[in-house]
Amino acid sequence: MSFEMGLKSKYQILIAGRLSGPKNDVILNILQKTGPLVVQKIPHIQFQVVGAPVLDTHLNLAKKYSWIQFLGFQRDITPYYQKADLIIGSGRVILEALKLKKPVIAIGECRYIGPLLEKSILTAQQTNFGDCDDKEYFDWDLMAEDIIRCLKKFKLRTNIISNGYKLLKSEYNSQNVEEKIEHLYNQTIFENNLKKIKELPVLMYHQVFATQPEFSKFHLNITVSKLEEQLKILKFLKKETITFSDLFSKNVSPRSVILTFDDGYENHYRYLLPLLEKYQMKAVVYILGNFNIRKNFWDIPKGECEYKLLKKNQILKMSKSEFVEFGAHSMTHCSLPDQSFQKIKTEISNSKNHIENLVQKSIYSFAYPYGNLNEKIKNYVKKSGFYFGVAVDSGPFKFTQDLFEIRRIHVFPNTSAFQFIKKVSGYYLRYRMYRQKFHPSTYLRIGK
Ligand SMILES: [Zn+2]
């Protein structure tokens with residue numbers, strides 16, 4: 001092996017991240033703007049990129065520059081981290097690299113952070129290593145200088161490693177660093193999402209029918225064509241349908257909306273799932289933890305028609321689709337405030353356990369049957385490991401103010417396209433509150 005001026009014969013820089021959306025833009029910029037400057041100074045270098053999807057743009061770039069290599073998606077990225085001299089990325093990539101005591105340069109979707117040194121640690125933490133910030137900040141020339149300095153200066157690399165490792169240790173002194181990293185990472189993402197979201201409309205639906213039924217006691221339904229029209233409106237408005245777990249796992253768009261469907265009817269499998277697949281949109285479906293309950297027995301005595309609930313195999317098929325997330329809706333659809341505390345506890349925590357055991361995924365949210373709740377119930381939902389509790393007509397008008405009493409917006413069979421646009425605008429609940437407060441009929445007695 002030959003060494004020149006204390007430099008290694010061949011350097012490997014690893015860039016890890018999604019090759020789509022804003023992450024991809026950043027990676028392409030690094031390769032096109034920063035890479036050539038680095039290669040001028042250090043010709044024996046290779047930039048490896050782990051991530052998918054590798055498209056023609058990427059392959060053409062690799063054809064143009066022999067020092068670029070796209071490795072596609074890698075299930076186990078650790079060996080690549082270990083081989084690399086320097087790792088470039090954000091979020092989880094940085095945390096994993098630090099755990100392996102590798103030097104890192106942080107750059108996220110929103111800004112360039114640079115080598116993880118004392119002066120940059122705070123910004124790095126606050127922005128999730130560059131992924132979340134109000135303004136964009138990139139400096140491709142500076143990045144090239146930083147990469148060259150890192151590769152040339154052993155001391156700088158060790159400095160980054162010790163700073164990073166100190167950061168990891170101070171944040172987590174437990175044995176189980178892996179889990180803690182995951183947790184901190186998710187928590188950071190979640191907090192940033194909450195900061196970013198001004199309002200997150202959570203819509204409430206129940207049944208989905210092929211055609212409008214002749215009779216319905218509670219009018220808790222929507223037809224396939226109407227729902228399809230609404231999904232199209234969401235697409236047109238560039239709204240992103242997300243689920244509750246998305247808030248922990250990715251940077252969600254400020255234009256996000258959550259669609260929820262209560263009770264888990266068979267018609268959700270038959271009509272909702274195909275629509276979600278067709279439009280690549282997501283929904284949260286609330287089901288009972290008692291899978292022996294086969295129909296909406298709680299509504300039938302009140303005069304509603306009988307409808308079948310989802311079977312286990314249908315739940316499983318829906319859960320395997322990336323477009324459905326299940327939430328818990330108690331065990332037996334009872335009004336929780338009317339029950340003993342012991343019964344409340346089993347209704348809440350058993351529903352979570354049973355559904356998690358069936359779908360083999362964490363259940364993030366709980367829907368209070370009939371929207372009936374009190375503080376004790378809310379606290380128990382939180383204590384049981386849920387992250388969210390969705391109500392019906394109660395709770396603050398802003399999503400982030402009480403994650404265990406999230407007010408939902410009804411969508412009715414006759415909700416017009418215009419009303420629907422208002423409902424998903426993000427201002428609907430506050431608008432309604434003001435309208436109630438200031439409507440002439442409430443202070444001049446001229447209303448009907
Ligand atoms: Zn219900």
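As a reminder, the structure under discussion sits directly above these lines.
Chemist: An account of the overall build of the chain is needed here, citing residue identities and associated values.
Modeler: When you go through the chain residue by residue, the secondary structure sums to 17 helices and 16 strands. Dimensions of the chain, computed from C-alpha atoms along their principal axes, come out at roughly 85 × 45 × 45 Å. Taking all 448 residues of the chain together, 55% fall into the buried category. Sequence separation of at least 24 residues holds for 65% of the intrachain contacts in the chain that already meet a minimum separation of 6. When the 66 positive and 43 negative side-chain charges of the chain are each reduced to one mean point, those points stand 1 Å apart.

Chemist: Any chance you could break down the coordination of the zinc ion for me, citing the residues and the numbers?
Modeler: Distances from the zinc ion to its protein donors, Asp263 (OD), His329 (NE2) and His333 (NE2), fall within 2.1 to 2.2 Å. Sequence positions of the donors to the zinc ion reduce to the motif D-x65-H-x3-H. Of this pair, Asp263 sits in the loop between strand 11 (256-261) and helix 11 (266-279) while His333 sits in the loop between strand 13 (324-328) and helix 13 (341-359); the two residues are 70 residues apart in sequence, bridging distant segments of the chain. By relative accessible area, Asp263 is classed as buried at 3%. You can call His333 buried: its relative accessible area is 6%.

Chemist: I'd like a rundown of the pattern of salt bridges, residues and numbers included.
Modeler: Scanning the model with the defined rule gives 15 salt bridges in all. With a shortest N-O distance of 2.9 Å, Asp146 and Arg149 are connected by a salt bridge. One end of the pair, Asp146, and the other, Arg149, are both in helix 6 (residues 140-152), three residues apart, so they sit about a helical turn from each other. Salt bridges sharing partners connect three or more residues here, namely Arg18, Lys23, Glu109 and Asp131.

Chemist: Any details on the sheet that holds strand 2 (residues 45-50)? Residues and values, ideally.
Modeler: Strand pairing in a sheet is mediated by backbone hydrogen bonds. Such pairs are either parallel or antiparallel. Read across the open sheet, the six strands follow the order 3-2-1-4-5-6; overall the sheet is mixed. The open sheet has two edge strands with one neighbour each: strand 3 (68-72) and strand 6 (112-115). Between one strand axis and the next, the sheet turns through 15° on average, direction left out of account. As paired strands, strand 2 and strand 3 are joined by four bridges and run parallel to one another.

Chemist: Describe the packing of aromatic side chains, and please don't skip the residues or the numbers.
Modeler: Taken as a whole, this structure holds 18 aromatic pairs when the rule is applied. Between Phe138 and Trp140 the ring centres are 5.1 Å apart and the planes differ by 10°, which places this aromatic pair in the stacked class. For Phe138, a relative accessible area of 23% gives the class partly exposed. Looking at Trp140, the relative accessible area reads 13%, which means it is buried. Taken together, a centroid distance of 6.2 Å and an interplanar angle of 70° make the contact between Phe248 and Phe388 edge-to-face. Pair noted here: Phe248 is in helix 10 (residues 246-249) and Phe388 is in strand 15 (residues 388-390), with a separation of 140 residues, a long-range link. Assessed through its relative accessible area of 5%, Phe248 is described here as buried. Among the aromatic residues, those joined into a cluster by ring pairs are Phe190, Phe244, Phe248, Tyr364, Tyr387, Phe388 and Phe399. Sitting above the plane of the Phe386 ring, Lys352 keeps its charged end 5.6 Å from the centroid. For the cation-ring pair, Lys376 lies above Phe341, with the distance from its terminal atom to the ring centre recorded as 4.4 Å.

Chemist: Would you mind going over the pairing of strand 4 (residues 86-89) in detail, with residue names and values included?
Modeler: Burial along strand 4 is two-sided: the face carrying Leu86 and Ile88 and the face carrying Ile87 and Gly89 are both buried. Two elements, strand 1 (residues 11-16) and strand 4, share three bridges in a ladder whose sense is parallel. Looking at strand 4, one finds that Ile15 is bridged to Ile88. Where strand 4 meets strand 5 (residues 104-107), three bridges bridge the pair, whose relative direction is parallel. Paired with Ile88 across the strands is Ile105, a residue of strand 5. Taken together, strand 4, helix 4 (residues 91-99) and strand 5 constitute a β-α-β crossover, and its handedness is right-handed.

Chemist: Explain the nonpolar core residue by residue, including any values.
Modeler: Ranked by internal contacts, the top residues of the largest apolar core, which has 75 residues, are Phe244, Leu247, Phe326, Phe388 and Phe399. Not counting residues within four places of it along the chain, the set of residues in contact with Phe326 comprises Val285, Ile287, Leu310, Ile315, Met318, Ser319, Ile355, Val359 and Ile363. Of all hydrophobic cores here, the second largest spans 57 residues; its members include Leu19, Leu31, Val104 and Met143.

Chemist: If you had to explain the environment of Leu310 to someone new, which residues and values would you point to?
Modeler: In this structure, Leu310 sits in the loop between strand 12 (283-287) and helix 12 (312-320). The exposure class assigned to Leu310 is buried, which follows from its relative accessible area of 6%. The spatial distance from the C-alpha of Leu310 to the C-alpha of Phe291 is 8.3 Å, given a sequence separation of 19 residues. Look past the residues within four positions of Leu310 in its chain and what remains in contact with it is Gly264, Tyr265, Glu266, Tyr269, Ile287, Arg294, Ile315, Met318 and Phe326.

Chemist: How would you summarise unusual backbone geometry if you had to cite specific residues and measurements?
Modeler: Here the residue pair Ala52 and Pro53 is connected by a cis peptide bond, since its omega of -5° sits within 30 degrees of zero. At His333, a residue that is not glycine, the phi angle is positive and equals roughly 55°. In this model, Tyr370 sits at a positive phi of 60°, which is unusual for a non-glycine residue. Mapped onto the secondary structure, Tyr370 falls in the loop between strand 14 (365-367) and helix 14 (375-383).

Chemist: Which residues make up the pairing of strand 11, and what values do they have?
Modeler: Both faces of the sheet carry side chains from a regular strand, because those side chains alternate between them. The element strand 11 is largely enclosed, with a buried count of six among its six residues. A two-sided burial pattern is seen for strand 11, the buried positions comprising Ser256, Ile258 and Thr260 on one face and Val257, Leu259 and Phe261 on the other. Where strand 7 (residues 202-205) and strand 11 come together, four bridges link them in parallel fashion. Residue pairing for strand 11: Leu203 is matched across the bridge by Leu259. Bridge count between strand 10 (residues 240-241) and strand 11: two bridges; the pairing is parallel. Along strand 11, the bridge assignment pairs Glu240 with Ser256. In this structure, strand 11 lies alongside strand 12, joined through two bridges in parallel fashion. Within the sheet, the bridge partner assigned to Thr260 lies in strand 12 and is Val284. Taken together, strand 11, helix 11 and strand 12 form a β-α-β motif whose crossover is right-handed.

Conventions and cut-offs
Residues numbered from 1 in each chain as written. Predicted model: local features only at pLDDT ≥ 70, side-chain atom pairs only at ≥ 80, totals over all residues. Heavy atoms only, no water. Helix = DSSP H or I, 4+ residues; strand = E, 2+ residues; numbered from the N terminus. Buried < 20%, exposed > 50% of the residue type's maximum accessible area, 1.4 Å probe, protein only. Contact = heavy atoms within 4.5 Å. Lys, Arg positive; Asp, Glu negative; His and termini not counted. Charge placed at Lys NZ, Arg CZ, Asp CG, Glu CD. Donors = N, O, S within 2.8 Å, 3.2 Å for Na, K, Ca; no water. Salt bridge = Lys/Arg side-chain N within 4 Å of Asp/Glu carboxyl O. Pairing = 2+ DSSP bridges. Axes fitted to C-alpha atoms, helices over the stretch in contact; angles between N-to-C directions. Phe/Tyr/Trp six-rings, centres within 6.5 Å; stacked < 30°, edge-to-face > 60°. Lys NZ or Arg CZ within 6 Å of the ring centre and 35° of its normal. Right-handed = clockwise from strand over helix to strand, strands pointing away. Core = buried A, V, L, I, M, F, W, Y, C linked by side-chain atoms within 4.5 Å.

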